[in-house]
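Coordinate inspection notes
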Amino acid sequence: MDPHPHHEGATLGVGLAETVLPTVVLLACAGLYLYLVVRVRRRNPVLGWNRWRTASFVLGLLLLAVALLPPLAPLAHTDFRGHMTQHLLIGMYAPLALVLAAPFTLLLRALPASRARRLTALLHTAPVRVLTHPAVAFLLSTASLAALYFTPLYHLATGDPVGHWLLHTHFLLSGSLFAYVIAGPDPAPRRPGVRTRLVYLGLAIATHAVISQLMYGGFWVDIHAPIPQVQGGAQLMYYGGDIAELLLVAALVATWRPERRDRSGDTIPLVTTPAST
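So, a few notes on the structure that sits alongside this text. Position labels on residues start from 1 in each chain and follow its written sequence. Under the rules for a predicted model, residues below a pLDDT of 70 receive no local features and side-chain atom pairs below 80 are neither given nor counted, while totals for whole chains, interfaces and linings still include all residues. Side-chain numbers come from the whole structure's heavy atoms, not from hydrogens or water.

1. Digging into empty space enclosed by the protein
Site definitions follow a grid-based scheme: protein atoms alone, a 1 Å grid, a 1.4 Å probe that fits but cannot get out for cavities, and for pockets an open set with protein on both sides within 12 Å along at least five of seven lines, plus lining residues having an atom within 4 Å of a point. Grid points are joined across faces, edges and corners, and a volume is the space filled by probe spheres set on the points. Counted according to the given criterion, the structure contains 1 cavity of 30 Å³ or more. Every residue lining the largest cavity is counted, 17 residues in all, and those nearest its centre are Gly91, Met92, Ser141, Gly175 and Phe178. Where helices and strands are cited, they refer to DSSP runs of H or I of at least four residues and of E of at least two residues respectively, numbered from the N terminus. Of all elements in the fold, only α4 (80-100), α8 (134-149), α10 (161-183), α11 (194-217) and α12 (227-255) reach the threshold of two or more residues within the lining of the largest cavity.

Written out as structure tokens, the structure is:
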């Protein structure tokens, strides 16, 4: 007889929950986005909606599915290299794809004019202006990695299922914020010029490089894992982070267009074309 039937049943239940819950959430997000696309196309068949935006959103969800579902998700619990792969997918690659899908613009075009104006007004409130400043986005998405890997925070977060999901949420939200501030096609309050954004992107690249090199050398890191795993994770962070940031540079160039500023200092595109939406 099995001496731990209840324990195995509980473990199976947790495993199913960790598989079913992200699947349901990702499918719901896909369904909502596609519903908004259909609504926008019906409201304005001439302008429509760029198919590449839709493809970018689907790609972002697929990257999240790879990160959050087997076989990678169970591996991340036992191998630091699996965790780092998750981090790259959830915090860098998927956010860029989701941000390039312009979900905020899609929502504005799907809403009635009165609600769209209220949502736009919310975007210009002081808390949102502070949150979307490049320095804040940089601290939350990149500089916070030092606190995660050089303190006991990593083990506290990954040692508890709730903490692990909170860590995933932080990766996704902070990564999306940084991608939005640097290269997002959606409107943003007081978005700085290209040069300023490139400076913060350069800081992110340098920070990733320093943290990964310190991690590879075993300096100051607080990661209780075999040395080959830690070094493998550091290499993934170094090279995978570089590729993601180069993609972000390409997105910045692709989404850039001349802007003028209104009296409040907010940036306003000079030209809006169907291709940009």
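Now that the structure has been shown, we can carry on.
2. Details of the layout of surface pockets
In this model, the largest pocket occupies a volume close to 810 Å³. Lining the largest pocket we find 24 residues, and of these Pro103, Phe104, Leu173, Ser176 and Asp186 sit closest to its centre. Within the residue set of the lining of the largest pocket, elements represented by two or more residues are α1 (5-43), α2 (51-68), α4, α5 (103-110), α6 (113-123), α7 (126-131) and α10. Three classes are used: nonpolar for Ala, Val, Leu, Ile, Met, Phe, Trp, Tyr, Cys and Pro, charged for Asp, Glu, Lys and Arg, and polar for all others, with Gly counted as polar. When its residues are assigned to classes, the lining of the largest pocket shows 21 nonpolar, 2 polar and 1 charged.

3. Re unusual backbone geometry
Outside of glycine, negative phi angles account for most residues, and trans bonds account for most peptide bonds. Of the consecutive residues proline 70 and proline 71, the connecting peptide bond is found in the cis state with omega at 5°. Among the secondary structure elements, proline 71 is positioned in the loop between α2 and α3 (72-78). Of note, the phi angle at alanine 102 is positive, near 50°, even though the residue is not glycine. Here alanine 102 shows up in the loop between α4 and α5. Using a 1.4 Å probe on the protein chains alone, a residue whose accessible area is under 20% of its type maximum counts as buried, one over 50% counts as exposed, and one in between counts as partly exposed. For alanine 102, a relative accessible area of 2% puts it in the buried group. Phi at tryptophan 220 is positive, roughly 70°, even though this residue is not glycine. Mapped onto the elements of the fold, tryptophan 220 is located in the loop between α11 and α12.

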